[in-house]
Amino acid sequence: MGQRLSGGRSCLDVPGRLLPQPPPSPPPVRRKLALLFAMLCIWLYMFLYSCAGSCAAAPGLLLLGSGSRAAHAPPAPAPGPDGTTPRLPFQAAPATPLAAGREPAEGAASQEEQSPETPDSPSPISSFYSGSGSKQLPQAIIIGVKKGGTRALLEFLRVHPDVRAVGAEPHFFDRSYDKGLAWYRDLMPKTLDGQITMEKTPSYFVTREAPARISAMSKDTKLIVVVRDPVTRAISDYTQTLSKRPDIPTFESLTFKNRTTGLIDTSWSAIQIGIYAKHLEHWLRHFPIGQMLFVSGERLISDPAGELGRVQDFLGLKRIITDKHFYFNKTKGFPCLKKAEGSSKPHCLGKTKGRTHPEIDREVVRLLREFYRPFNLKFYQMTGQDFGWD
């Protein structure tokens, strides 16, 4: 090692005996670019992670539907020894013969149409988050009433970023209870923390078994009932049926058991649904009145923001839906959304809503108002609200 070669070079300097050298360090520009790229990736990840709470506040960037908190959702039934999911007990209602143009009211499924514009197709933002969150059983249910304004209420509520809802009516507690809670939960949209899950099936209000079944799912479930002048509601109900079956008897002939004596036929569902006090009694056996909110179908048209304010308060939501979200459509005769959920365009309910009612004999209308008056007064007392139908 101490010897030196000719030329004054050390043996360490001879080619072939050189020691390994460390790799050259990258130029400063490349180091800076790599660091910048890493910081950009971290920033993008954090932005997307937090966007669920920040992007949804803008009216034009609203999540679709509604959601539920896991705290109120009971766990799915555990599989049995054979690997199948246990189902809750169910007894089908006995079939009853119906007269022409008549439908069962108590315990029967609603015939309310699904509007063509039912928002089952998710918006771009809700599609982006479809892989996030989890499916929960509903915290709040719109349980009635048919032809009261339930579809309008649900469409308005879907504007709220903290509401996630099923588009179609599940009819679980009246038609499909035997399929079990796991099946019901699977129908629900996924929700993030702070969102609630909702559904609406108007026939629940007149289904005798529904109160006990919903209570068995969760005693904390919040219930919303949209009610309307029972006479106007009955005519609207008849108008819907008439659009499907033009050959049905007249409204006047279906209203009375005996036209001469003026005896009202309460077995006709269009009449029976409007006896709100009778149906409410079944619900109050399982839920306190404070856990139910009664929305005026008339005020939902004349003051949608006011009624939506009450609903948002009831659900524990921030009042985001206000007057700025609505405009009145004179052609249809009811309010529409300036910006629908997930869209920048105005949105009104479809042609199946707001049909023109047929002319009804004024004497028949007068007799119906007399029939409903005592039931209406009792309903006012039970709810603590005067809806002004009399």
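Computed from a prediction, not measured in an experiment: that's the story for all the values here.

Here is what the cut-offs are and how they apply
The residue numbers shown here count from 1 along each chain, following its written sequence. Given that the model is predicted, a residue must reach a pLDDT of at least 70 before its local features are reported, and side-chain atom pairs must reach 80 or more before they are shown or counted; all residues, however, enter totals for whole chains, interfaces and linings. Water and hydrogen atoms were dropped before computing side-chain values, which therefore reflect all heavy atoms in the structure. Secondary structure follows DSSP: runs of H or I at least 4 residues long count as helices, runs of E at least 2 residues long count as strands, and numbering of each begins at the N terminus. Partly exposed describes any residue whose relative accessible area lies between the buried limit of under 20% and the exposed limit of over 50%, with all areas from a 1.4 Å probe on protein chains only and scaled to the type maximum. Contacts were defined at the residue level, with two residues in contact if any of their heavy atoms lie within 4.5 Å. Note on areas: Shrake-Rupley, 1.4 Å probe, and residue coverage restricted to the protein chains presented here. Working definition: a disulfide is two cysteine sulfur atoms within 2.5 Å of each other. The rule for a salt bridge is simple: a side-chain nitrogen of Lys or Arg has to be within 4 Å of a carboxyl oxygen of Asp or Glu. Pairing between two strands is assigned when DSSP locates at least 2 bridges connecting them. A fitted line through C-alpha atoms represents every axis, and for helices the fit uses only the stretch in contact; the resulting angles, taken between N-to-C directions, go from 0 to 180 degrees. Oblique is the label for any angle not under 35 degrees, not over 145, and not in the 65 to 115 range, which are roughly parallel, roughly antiparallel and roughly perpendicular in turn. Here the term charged refers only to Asp, Glu, Lys and Arg, the term nonpolar to Ala, Val, Leu, Ile, Met, Phe, Trp, Tyr, Cys and Pro, and the term polar to all other amino acids, Gly among them.

In this section: the overall build of the protein chain. Scanning the protein chain from N- to C-terminus turns up 12 helices and 11 strands. The burial tally for the protein chain puts 47% of its 390 residues in the buried class. The contacts in the protein chain between residues at least 6 apart in sequence include a share of 76% that link residues at least 24 apart. As displayed, the protein chain offers around 20,100 Å² of accessible surface, 59% of which is attributable to carbon and sulfur atoms.

With that settled, consider the state of the cysteines. Any covalent bond linking the sulfur atoms of two cysteines counts as a disulfide. For the structure shown, the criterion picks out 1 disulfide. Each sulfur of the disulfide joining cysteine 336 and cysteine 348 lies 1.7 Å from the other. What sets the handedness of the cysteine 336 and cysteine 348 disulfide is the S-S torsion sign, and at about 110° it is right-handed. Residue cysteine 336 is located in strand β11 (residues 334-337), and its partner cysteine 348 is located in the loop between β11 and α12 (362-383); the two are separated by 12 residues in the primary sequence. Residue classification places cysteine 336 among the buried positions, given a relative accessible area of 1%.

So, on to the pattern of salt bridges. This model, assessed by the stated rule, comprises 14 salt bridges. For the salt bridge of arginine 310 with glutamate 307, the shortest nitrogen-to-oxygen distance reads 3.1 Å. Separated by 3 residues within a single helix, arginine 310 and glutamate 307 lie in helix α11 (residues 304-314), roughly one turn from each other. Among the residues examined, arginine 310 registers a relative accessible area of 25% and is labelled partly exposed. The exposure class assigned to glutamate 307 is buried, which follows from its relative accessible area of 4%.

Adjacent strands of a sheet pair through backbone hydrogen bonds, lying either parallel or antiparallel. In spatial order, the strands read β3-β5-β2-β6-β9; together these 5 strands make up an open sheet with parallel pairing. Two strands close off the open sheet at either side, each with one partner strand: β3 (163-165) and β9 (292-296). Strand-to-strand twist of the sheet, defined as the mean angle between neighbouring strand axes without regard to direction, takes the value 25°. Relative to strand β5 (residues 196-200), β3 is paired through 3 bridges, and the arrangement is parallel. Bridge pairing links arginine 164 to threonine 197 in β5. The strands touched by α11 within the sheet are β6 (222-227) and β9, with β9 carrying the most contacts at an inclination of about 170°.

Moving on, we get to helix α3 (residues 150-157). With respect to burial, α3 is a largely interior element, 8 of its 8 residues being buried. For α3, the set of buried residues is Thr150, Arg151, Ala152, Leu153, Leu154, Glu155, Phe156 and Leu157.

The next thing to look at is the packing of α3 against α11. Packing of α3 against α11 brings their axes to within 11 Å, and their N-to-C directions diverge by 75°. Of the possible angle classes, the one that applies to α3 and α11 is roughly perpendicular. Counted together, Leu153, Phe156 and Leu157 of α3 and Pro304, Leu308 and Val311 of α11 form the full contact between these two elements. Class assignment for the residues of the contact of α3 with α11 results in 6 nonpolar, no polar and no charged.

This next bit is on unusual backbone geometry. Residue valine 145 is bonded to the preceding glycine 144 through a cis peptide linkage, with omega at -5°. Residues other than glycine seldom take positive phi values, yet lysine 147 does so here, at roughly 60°. In this fold, lysine 147 is placed in the loop between β2 (140-144) and α3. Phi is positive for histidine 171, which is not a glycine, with a value near 55°. Structurally, histidine 171 can be placed in the loop between β3 and α4 (181-187). Take histidine 171: its relative accessible area is 6%, and that puts it in the buried class.

Take it as geometry only, folks, not as evidence of what the structure does.
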